[in-house]
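Listed here are the chains, written in short residue letters.
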Amino acid sequence: MLQQKHINIIKSLAPILHETGPALTDHFYGRMFKHNPELKHIFNMSNQESGAQKAALFAAIAGYVQHIDDLPALQTAVERIAQKHTSFHIQPAMYDIVGYHLTETLRELTGDLFTPEVEEAWLAAYQLLAGVFVNREGDLYKQRAATTGGWIGSRDFVVKSKTRESELVISFVFEPRDNGPVIDYQAGQYLGLEVNPEGHEYTEIRQYSLSDKPNGKTYRISVKRETHGVPGVVSNYLHKNINEGDIVKLHSPAGDFFLVDRNTPVVLVSAGVGVTPMQAMLEKLSAEKYPHDVYYLHACENESQHSFAHRTRQLTQETNRHAYTWYADLHHATSANTLPGFMDFDRVKLPFGYANFYLCGPVPFMKFVKEQLLSHGVTEERIHYEVFGPHASF
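Let us look at the structure shown here.

### Quick look at the overall build of the protein
Counting its secondary structure elements, the protein contains twelve helices and twelve strands. Taken against the 2.2 N^0.38 rule, which gives 21 Å for 394 residues, the C-alpha radius of gyration of the protein at 22 Å falls within 12% of a compact globule. With the C-alpha coordinates of the protein rotated into their principal frame, the extents come out at 70 × 50 × 40 Å. The proportion of buried residues among the 394 residues of the protein is 49%. Long-range contacts, defined here as pairs at least 24 residues apart, represent 73% of the contacts in the protein between residues at least 6 apart. By element, 52% of the accessible surface of the protein is carried by carbon and sulfur atoms, the whole surface being about 18,700 Å². Placing the 36 positive and 45 negative side-chain charges of the protein at their respective mean positions leaves the two points 5 Å apart.

### Focus: the side chain of Thr86
By the element assignment, Thr86 lies in helix H6 (residues 75-86). By relative accessible area, Thr86 is classed as buried at 4%. Reaching out from Thr86, the side chain makes a polar contact with the backbone oxygen of Gln83 at a distance of 2.6 Å. Sequence-distant contacts of Thr86, defined by excluding residues within four places in its chain, comprise Glu137, Leu140, Tyr141, Arg144, His251 and Ala254.

### Describing the packing of helix H7 (residues 92-110) against helix H8 (residues 116-146)
Running from N to C, H7 and H8 point in directions that differ by 155°, and their axes come no closer than 10 Å. The orientation of H7 with respect to H8, classified from their angle, is roughly antiparallel. The crossing of H7 and H8 is right-handed. Together, Pro92, Tyr95, Val98, Gly99, Leu102, Thr103, Leu106 and Arg107 of H7 and Glu119, Trp122, Leu123, Tyr126, Ala130, Phe133, Val134 and Glu137 of H8 make up the contact between the two elements. In terms of residue class, the contact of H7 with H8 is built from eleven nonpolar, two polar and three charged.

### Brief notes about unusual backbone geometry
Its identity is not glycine, yet Asn179 carries a phi of approximately 65°, on the positive side. Along the chain, Asn179 turns up in the loop between strand S2 (169-176) and strand S3 (190-195). Residue Asn320 is not a glycine yet carries a positive backbone phi of 65°. When you line up the elements, Asn320 lands in the loop between helix H11 (309-315) and strand S9 (321-327).

### Remarks on the sheet that holds strand S8 (residues 294-300)
Sheet architecture is open: six strands sit in the order S10-S9-S8-S7-S11-S12, paired in parallel fashion. In this open sheet, the two edge strands, each paired with only one partner strand, are strand S10 (338-340) and strand S12 (383-386). Within this sheet the neighbouring strands show an average axis-to-axis angle of 15°, counted without direction. Pairing analysis gives four bridges linking strand S11 (residues 356-360) to S12, with the strands arranged parallel. Bridge pairing links Cys360 to Glu386 in S12. Relative to the sheet, helix H10 (residues 275-287) contacts strand S7 (266-271), S8, S9 and S11, its axis offset from that of S7 by approximately 150°.

### Thoughts on the pattern of salt bridges
As enumerated under the stated definition, the model contains 14 salt bridges in all. Salt-bridge contacts for Arg155 lead to Asp178; the nearest nitrogen and oxygen are separated by 2.9 Å. Taken together, the residues Arg155 in strand S1 (residues 154-164) and Asp178 in the loop between S2 and S3 connect sequence positions 23 residues apart. It is possible to trace a salt-bridge network through shared partners that takes in Glu104, Arg107 and Glu119.

### Some thoughts on the side chain of His384
For His384, the position within the fold is in strand S12. Apart from residues no more than four positions distant in its own chain, His384 is found in contact with Phe257, Arg262, Asn356, Phe357, Tyr358 and Leu359.

Conventions and cut-offs
Residues numbered from 1 in each chain as written. Predicted model: local features only at pLDDT ≥ 70, side-chain atom pairs only at ≥ 80, totals over all residues. Heavy atoms only, no water. Helix = DSSP H or I, 4+ residues; strand = E, 2+ residues; numbered from the N terminus. Rg over C-alpha atoms; globule rule 2.2 N^0.38 Å. Buried < 20%, exposed > 50% of the residue type's maximum accessible area, 1.4 Å probe, protein only. Contact = heavy atoms within 4.5 Å. Areas by Shrake-Rupley, 256 points an atom, 1.4 Å probe, with all protein chains shown as cover. Lys, Arg positive; Asp, Glu negative; His and termini not counted. Charge placed at Lys NZ, Arg CZ, Asp CG, Glu CD. Polar contact = N/O pair within 3.5 Å; in protein donor to acceptor, adjacent residues only side chain to side chain. Axes fitted to C-alpha atoms, helices over the stretch in contact; angles between N-to-C directions. Parallel < 35°, antiparallel > 145°, perpendicular 65-115°, else oblique. Left-handed = near helix turned anticlockwise from the far one by under 90°. Nonpolar A, V, L, I, M, F, W, Y, C, P; charged D, E, K, R; others polar. Pairing = 2+ DSSP bridges. Salt bridge = Lys/Arg side-chain N within 4 Å of Asp/Glu carboxyl O.

Structure representation (structure tokens):
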């Protein structure tokens, strides 16, 4: 049980953790994968190479240490992480492995500072947090399994169709191999997709936003082929090797970012492949004949990389629907609703004072957009966003 003396000791670790910095997560992951290489089938090794996962873990540890005496402040982070964990089918035993290697990492990096009293406090704190995650994830697994079309773990799906949406994006529609129903989801959530690319030693699990409204029968994701830097292992495999009739394994829809009816105008803001959850939201709002204004703002490089352009035009021709597009390499506007350069809210009229804004795209883009929104008087609680990959705050 976590006691006040434990809390005091854990909070005193903050300067040590800050000083240790990225070395802590570097050491931890290296240690864990050396002793438990089977976990490479679960962790995204591309995020390990980029350092994104290490940074996210360090931020999570630092946040827990900071708020250990105010756990409700961590509720949003816990929900986001628990949702992501279920898309990997994380089980309680994995928390024991992670806890052991985190403890040994602290012992090895801090030396004499890791006294028996510090170890006792750390173990009590870790067990408390692990219990919170195990309980929440267990509830999510049970809820989904008990819902029509739900399942636990992976389930075989057949690729029903493969459709090119733009120069870099292809949509895949999956239907269950057993011909049963599929659990519904909230527009904005994602699927866990599990594949074994030829030539790769480990199973690869990725999360992709669902890009259509739920129908109880199939799922659609829309995948950008990653070409910059290190080519995306899974995205390139899906584009080049997965075809209609092939079998893939899917994990139930998850995620804490989704459309909520707050009885206000809705502004959907995206860049690049960040358009995918926004497309699901737009489809849902249109199908439900949402009575308030809906604004659909999208930025991409050029017309050839504009995914869902035709479908978006169809849906935004309805009453109270508005669409604006920015092309980075467009030298002049081709219409009142197609603009050059970076997304600029001074160029469009939006209900800044009372609308809810949903953002998805590269983190620098969302940071840029959020700063604009705040300068126009939009409050933090009306700005909702999704980060692809390990979470990052901005």
